[in-house]
Amino acid sequence: MTDLETRAAPVRPGALRRAAPALLGYAAVRTLGLLVLALWSEARGRNAYTLLTARWDALWYTRVAELGYGYEVRLANGDVHSNLAFFPLLPWLERLVAAVSPLSYADGGFVVAALASLAAAWGIFAVADHVHGPRAGVCAVLLWAVLPVGVVQSMAYSESLFTALAAWSLYAVLTGRWVTAGILASLAGLTRPVGLAVVAAVWAAGAVSFLQDRRGAGEEHRSFGGSRGAAAVDGARSGERAAPGGDTPRVPSAGGAPVLPGAPGVVVRRALGLFVAPLGAAGYVLWVGHRTGKGPFGYLDVQAGWRNGFDGGFAFARFTAEKFTSVPSVPAGLGLVLGVGLLVRLYVLCVRQRQPLPLLVYAGAVTVLALCASSYFGSKPRLLMPAFPLLLPLALTLARLRTPRSALVVGSVAVVSAVYGAFWLNGSGPP
């Protein structure tokens, strides 16, 4: 179905120089978005910086950074909005920035988001470059930048931070760096509940790698110690990027000395990475359960106070169906149906194009968790933003165009995205 193997690869010299076109393009798109937001907000008598740093979730993160956990709001309908719903890594970083600089907590959130968005762009490039080459990597980053809700990447929200950690964790998995992958997955789990998707990707890759070790050991035994297939590096076979036709040429490890499958050091590093990966999410969830006195399921009760839950998509399906009950809302209903259909189509293309298993698991988990949440339907585009592997089929298509044409496509979409982002962020509801 797909290339399940991770492929060890040394860090290329000049890695930043290799990613520079993607990062410069990303910075240009985000600058355009912020400029349009500033002009739009000024015309409406609003402050663009306040919209980015001091509304909705950004206020909750800032309050956690300043006062810690324990704040809650009781609504007239009986709902309880507790700040325990917000994972701690972003507030910790906001507090750190405020501690070492004259910036406020809100300013710290903006700085973290700006730096994290660049780190996310670099991570997306690294993954796409590893799988499909540098041109597709640049296109993937630009497509992520011009998403309709791309303005969130510049907000004091946790999406950019989470995407950065997820992208680099996936890259570490793809290149056989198991401990690094586990640490980054753990940090992603301290950032958002969807960190479980990163953990699932790391575990899936680890399980396949263990199976490959056992299969490789069996083949070696049958061949009396002879070499069959490619040498394994860090528990997975080493090789070059998949060729366009789907064949993946295999080469010896870069260090010249292949590491045998199941070598003790490899097994220990892989096991350690798999062990560390879930600790961030599990640690916070268990701490919330202890603090609320409701045990391991205490965090679910906190989310229920926000009317958040996982119902398999029933509430979202009902919300979409209701759009077809009146003529004015039919276009919105059609848009939702087409949007979900596009997501399914992109995922099918990811499978057909043989994306590595960790990317498929991660993108699938993020998509399912976003679509099957039972509340805040207007936030679903934002919740889907970290699912960047879904953009790789589009990136490949864009990469095949001549540079002037692809630049025209990206530039046009960037303008539309900037205008939509300014309109959206100046609206009444939270993104």
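Residues numbered from 1 in each chain as written. Predicted model: local features only at pLDDT ≥ 70, side-chain atom pairs only at ≥ 80, totals over all residues. Heavy atoms only, no water.

We note that W56 has phi near 55°; this positive angle belongs to a residue other than glycine. Checked against the element boundaries, W56 lands in the loop between α2 (48–53) and α3 (57–67). Owing to a relative accessible area of 17%, W56 belongs among the buried residues under this scheme. A positive phi angle, near 60°, is found at R307, a position not held by glycine. With respect to the helices and strands, the residue R307 is situated in the loop between α12 (298–305) and α13 (314–322). (Helix = DSSP H or I, 4+ residues; strand = E, 2+ residues; numbered from the N terminus. Buried < 20%, exposed > 50% of the residue type's maximum accessible area, 1.4 Å probe, protein only.)

Another aspect to go through is the environment of G411. By secondary structure assignment, the location of G411 is in helix α18 (residues 403–425). Note on G411: relative accessible area 32%, which makes it partly exposed. It is 10.0 Å that separates the C-alpha atoms of G411 and A28, two residues lying 383 residues apart in sequence.

Okay, empty space enclosed by the protein next. Applying the stated rule across the entire model yields two cavities of 30 Å³ or more. There is about 60 Å³ of room inside the largest cavity. As for the largest cavity, its lining consists of V29, R30, G33, G150, V151, A414, S417, A418, G421 and A422. At five residues, the largest contribution of residues to the lining of the largest cavity is made by α18. Here the lining of the largest cavity is composed, by residue class, of five nonpolar, four polar and one charged. (1 Å grid on protein atoms, 1.4 Å probe; cavity = no way out; pocket = protein on both sides within 12 Å on 5 of 7 lines; lining within 4 Å. Points joined across faces, edges and corners; volume = space filled by probe spheres on them. Nonpolar A, V, L, I, M, F, W, Y, C, P; charged D, E, K, R; others polar.)

Another aspect to go through is helix α4 (residues 89–100). Between its first and last C-alpha atoms α4 spans 17 Å; for 12 residues at 1.5 Å apiece the expected length is 16 Å, and the two agree. Burial in α4 covers these residues: L89, L90, P91, E94, V97 and A98. Residues of α4 that are buried in the fold lie against α3, α5 (105–132), α7 (159–174) and α8 (178–189). (Expected span 1.5 Å × (residues − 1). Contact = heavy atoms within 4.5 Å.)

L37, W144, V152, Y284, Y362, F388 and L425 are the most contacted members of the largest nonpolar core, which has 109 residues in total. When residues of this core are assigned to their parent elements, the largest contribution, 11 residues, is made by α7. Among residues more than four places away in sequence, those in contact with Y362 are F162, A166, L170, A197, V198, A201, P386, A387, F388 and P389. (Core = buried A, V, L, I, M, F, W, Y, C linked by side-chain atoms within 4.5 Å.)

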